[in-house]
Amino acid sequence: MAAATATLSPPSVTPRTYHRIVSETLTIPSDPLQPVPVGLLACQRDPLLRELATTAVSCRISQSPTVPSNGREGKKKKAAPPPSAPLLEVILHDTIVFPEGGGQPSDVGILTSADGELWDVIEAKRHGGHAVHYVRLKPEQSVDDALRLFAPGAVVGVSLGERGYKRRLDHACMHTSQHLLSAVLETKLNVETLAWSLTAYPAPCYVELARGLSAEEIAYTQEEANKLVFEGRSVHVEVEELNPGTKVMSGPTVGIPSDYTGGVKRTVVIDGLDRNPCCGTHLPSIHNLQLFLLPQTETLARSSTSSVRLYFLAGPRLITQLTSTHSLLTSTAGIMSCGAPQVPERVQQVVEERKKATKRVEDLEAELAAAIASELATTPPREGGQIVLHKHRTDDSPTALTFLSAISTAFASKAAGRAAPTPYLVVLSSSPSAQSSSSTTVVLVFGSDDKKVKEVGDELRTKLNVKGGGKGSRWSGKFTGVWKDGREGAAVDDILESLKI
């Protein structure tokens, strides 16, 4: 008997009852030179529609080489260098390319001009009440041709393409799941959603809540949400004329934006559960929209308030997460030479063994550092009664400077313990065994005279371009390149000699 296969695919056709205009005086503009306002777009009337024939309303060269920001990018985000290819702003009578809004990112798509040429829509934005398509020209496409082909009244084909439809399906799954999750949290736990984020695929999305949830509450919320999923509750959209007194933007991604001028109020309804103003593209049913909540939350502390993020997955992202997690677990089990169920125990064992090995290495390094310090302390003093020397080591450890510091500490301790302390100045250097032009050699200078230590450090910076600094009896730095005893080592010896220490 053939094995059963479970799928999370949405319906292939949007029901006629999905989009409902509930205002008697509200109609979809039929004039091909008048743009359909955001709220009544084809992508909002039929979220599963993949292509559409329409007409151009306007086309112009964008004043910005990149798509204008919506103002939500972080302050630390670096601006990308402006592309060389021209960017067009195209307004169509109708479109299936969703313009960013309601916390949902923009679709991407393809425009087909009357001559059969394909034009890439890299993003769509809402300007007031109109959807503006940002078209990035290919090297072989000219601005003059674009302005002619997208002149007012020109016939234009709009499609999502394979990539665009996958993106649409992902966004619709996550956005509808967010409405479902927020409704269950509010009705079952009385926890309000403050904001949400539809993150870049395939990362989990999240809702921001006013308080944290226990593991039991998270499990209960997931169970209750999936009961509704298994019931196959339908989703539809009710559209009416926007009352001028309607409350705008009750949260960062909740409500109607204050700059919206389309004159349409759009409410997404999950039958028997939730009614919420939203402009996004939603699936016509929550059937097969399996919802998974990550069993932990993340607390955000702000200046006056705090909130908690609850992460969730659904649709294509859930499948991707399960596939990735299974692959990682299987790979780890292979590396650990055990079955998948034994991986946590085996990893814990390896971690404990690593801690013991690290401790043993640290103890041995401490013994070695003390032995080296003892050897250096036996160096005969110069005529002035001071110990002055340079010692170079080869060490591939990433903590070579730490080891040099351990030597210096042990040396200073031995020097201080003598009945008649001997003045000293020591330069330690350490290079990896295989060197190249980008290799790093660490240098440590320490001594009993702070002034002499600084002088040697300054000379190393000047003559060998050692970048570093120090304070008091220690100075450390890094030399980049190939360190040779006959060249850099000799230069250190010359510095010690020239200072007449």
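Scope of this entry: the structure provided in the associated data block.

Thresholds applied
- Residues numbered from 1 in each chain as written.
- Predicted model: local features only at pLDDT ≥ 70, side-chain atom pairs only at ≥ 80, totals over all residues.
- Heavy atoms only, no water.
- Helix = DSSP H or I, 4+ residues; strand = E, 2+ residues; numbered from the N terminus.
- Rg over C-alpha atoms; globule rule 2.2 N^0.38 Å.
- Buried < 20%, exposed > 50% of the residue type's maximum accessible area, 1.4 Å probe, protein only.
- Contact = heavy atoms within 4.5 Å.
- Areas by Shrake-Rupley, 256 points an atom, 1.4 Å probe, with all protein chains shown as cover.
- Pairing = 2+ DSSP bridges.
- Axes fitted to C-alpha atoms, helices over the stretch in contact; angles between N-to-C directions.
- Expected span 1.5 Å × (residues − 1).
- Core = buried A, V, L, I, M, F, W, Y, C linked by side-chain atoms within 4.5 Å.
- Parallel < 35°, antiparallel > 145°, perpendicular 65-115°, else oblique.
- Nonpolar A, V, L, I, M, F, W, Y, C, P; charged D, E, K, R; others polar.
- Left-handed = near helix turned anticlockwise from the far one by under 90°.

## Here we look at the overall build of the protein chain
Okay, step 1: Secondary structure summary: the protein chain contains nine helices and 19 strands in total.
Okay, step 2: A compact globule built from 501 residues should have a C-alpha radius of gyration of about 23 Å, whereas the protein chain, at 34 Å, is more than 25% larger.
Okay, step 3: Expressed along its principal axes, the backbone C-alpha trace of the protein chain runs to roughly 105 × 60 × 55 Å.
Okay, step 4: For the protein chain, with 501 residues in total, the buried portion stands at 42%.
Okay, step 5: Once local pairs closer than 6 in sequence are excluded, the contacts in the protein chain between residues at least 24 apart make up 70%.
Okay, step 6: Just so you have it, the protein chain exposes about 26300 Å², and 54% of that area is on carbon and sulfur atoms.

## Here's the deal with the side chain of Thr199
Okay, step 1: Tracing the backbone through its elements, the reader meets Thr199 in the loop between strand E8 (193-197) and strand E9 (205-209).
Okay, step 2: Setting aside residues up to four positions removed in sequence, Thr199 forms contacts with Pro204, Cys205, Tyr206 and Arg317.

## Points about the pairing of strand E7 (residues 155-159)
Okay, step 1: When strand E2 (residues 51-61) meets E7, the two strands line up antiparallel, connected through five bridges. In the strand pairing of E7, Leu52 is matched with Val158.
Okay, step 2: In this sheet, E7 lies alongside strand E4 (residues 109-112) in antiparallel orientation, the contact comprising three bridges. Looking at E7, one finds that Ile110 is bridged to Ser159.

## As for the sheet that holds strand E17 (residues 440-447)
Picture the strands of a sheet paired through backbone hydrogen bonds; they go either parallel or antiparallel.
Okay, step 1: Strand order across the open sheet formed by five strands is E15-E16-E17-E19-E18, with mixed pairing between neighbours. In this open sheet, the two strands that pair with only one neighbour each are strand E15 (387-394) and strand E18 (467-471). With direction set aside, neighbouring strand axes in the sheet form an average angle of 10 degrees.
Okay, step 2: Taken together, the seven bridges between E17 and strand E19 (residues 474-480) define a ladder with antiparallel strand orientation. Note on E19: the bridge partner recorded for Leu444 is Ser476.

## Some details on the pairing of strand E10 (residues 235-241)
Okay, step 1: The buried fraction of E10 amounts to five of the seven residues, a majority that puts the element mostly inside the structure.
Okay, step 2: Note: strand E1 (residues 19-21) against E10, three bridges, orientation parallel. Within E10, the position partnered with Arg20 by the bridge is Glu238.
Okay, step 3: Bridge analysis of E10 against strand E11 (residues 264-270) gives seven bridges, and the strand direction is antiparallel. Pairing of Glu241 across the sheet is with Val264, part of E11.

## Re the sheet that holds E9
Okay, step 1: The antiparallel open sheet is built from four strands, whose spatial order is E8-E9-E14-E13. Only two strands of the sheet have a single neighbouring strand rather than two, namely E8 and strand E13 (291-301). Averaged over all neighbouring strand pairs, the angle between strand axes comes to 25 degrees, with direction disregarded.
Okay, step 2: The pairing of E13 with strand E14 (residues 306-314) spans eight bridges and is antiparallel. The residue bridging Thr297 from the neighbouring strand is Leu310, located in E14.
Okay, step 3: Across the sheet, helix H3 (residues 161-189) touches E8, E9, E13 and E14, and the angle it forms with E14 is around 130 degrees.

## Comments concerning helix H6 (residues 343-377)
Okay, step 1: Between its first and last C-alpha, H6 extends 50 Å over 35 residues, near the 51 Å set by a 1.5 Å rise per residue.
Okay, step 2: Those residues of H6 lying buried are Val343, Ala369, Ile372, Ala373, Leu376 and Ala377.
Okay, step 3: Where H6 is buried, its residues meet helix H5 (315-336), E15, helix H7 (400-416) and strand E16 (424-431).

## Observations regarding the nonpolar core
Okay, step 1: The biggest cluster of nonpolar side chains holds 70 residues, and the ones touching the most others in it are Leu111, Phe150, Leu185, Leu310 and Phe312.
Okay, step 2: The element that contributes the greatest number of residues to this core is H3, accounting for 10 residues.
Okay, step 3: Residues within four places of Phe312 in sequence aside, it is in contact with Met174, Ser177, Gln178, Leu181, Trp196, Pro204, Cys205, Tyr206, Val207, Leu291, Phe292 and Leu293.
Okay, step 4: One finds Leu376, Phe411, Val442 and Phe446 within the second-largest nonpolar core, a separate group that totals 20 residues.

## Examining the packing of H3 against H5
Okay, step 1: Here H3 crosses H5 at 95 degrees, and the two axes come no closer than 6 Å. Classified by the interaxial angle, the pair formed by H3 and H5 is roughly perpendicular. For the pair H3 and H5, contact is made by Leu169, Asp170, Cys173 and Met174 and by Gly315, Pro316 and Arg317, respectively.
Okay, step 2: Here the contact of H3 with H5 is composed, by residue class, of four nonpolar, one polar and two charged.

## Considering the environment of Leu181
Okay, step 1: The residue Leu181 is located in helix H3 in this model.
Okay, step 2: Look at Leu181 and you get buried, because its relative accessible area is 0%.
Okay, step 3: Considered as a pair, Leu181 and Thr221 are 40 residues apart in the sequence and their alpha carbons are 7.7 Å apart.
Okay, step 4: Setting aside its immediate chain neighbours within four residues, Leu181 contacts Val207, Thr221, Leu291, Leu293, Leu310 and Phe312.

## Side note on helix H4 (residues 215-231)
Okay, step 1: With 17 residues, H4 should cover 24 Å at 1.5 Å per step; its first-to-last C-alpha distance of 25 Å lies within 8% of that length.
Okay, step 2: Elements that come into contact with the buried residues of H4 comprise H3, E13 and E14.
Okay, step 3: Positive backbone phi, approximately 75 degrees, marks Gly232, located one or two places after H4.

## Re the packing of H6 against H7
Okay, step 1: At a minimum axis separation of 8 Å, H6 and H7 run at an interaxial angle of 50 degrees. In terms of their interaxial angle, H6 and H7 are classed as oblique. For the pair H6 and H7, the sense of crossing is right-handed. Taking contact as the criterion, the partners of Glu365, Leu368, Ala369, Ala370, Ile372, Ala373, Ser374, Leu376 and Ala377 in H6 are, on H7, Phe403, Ala406, Ile407, Ala410, Phe411 and Lys414.

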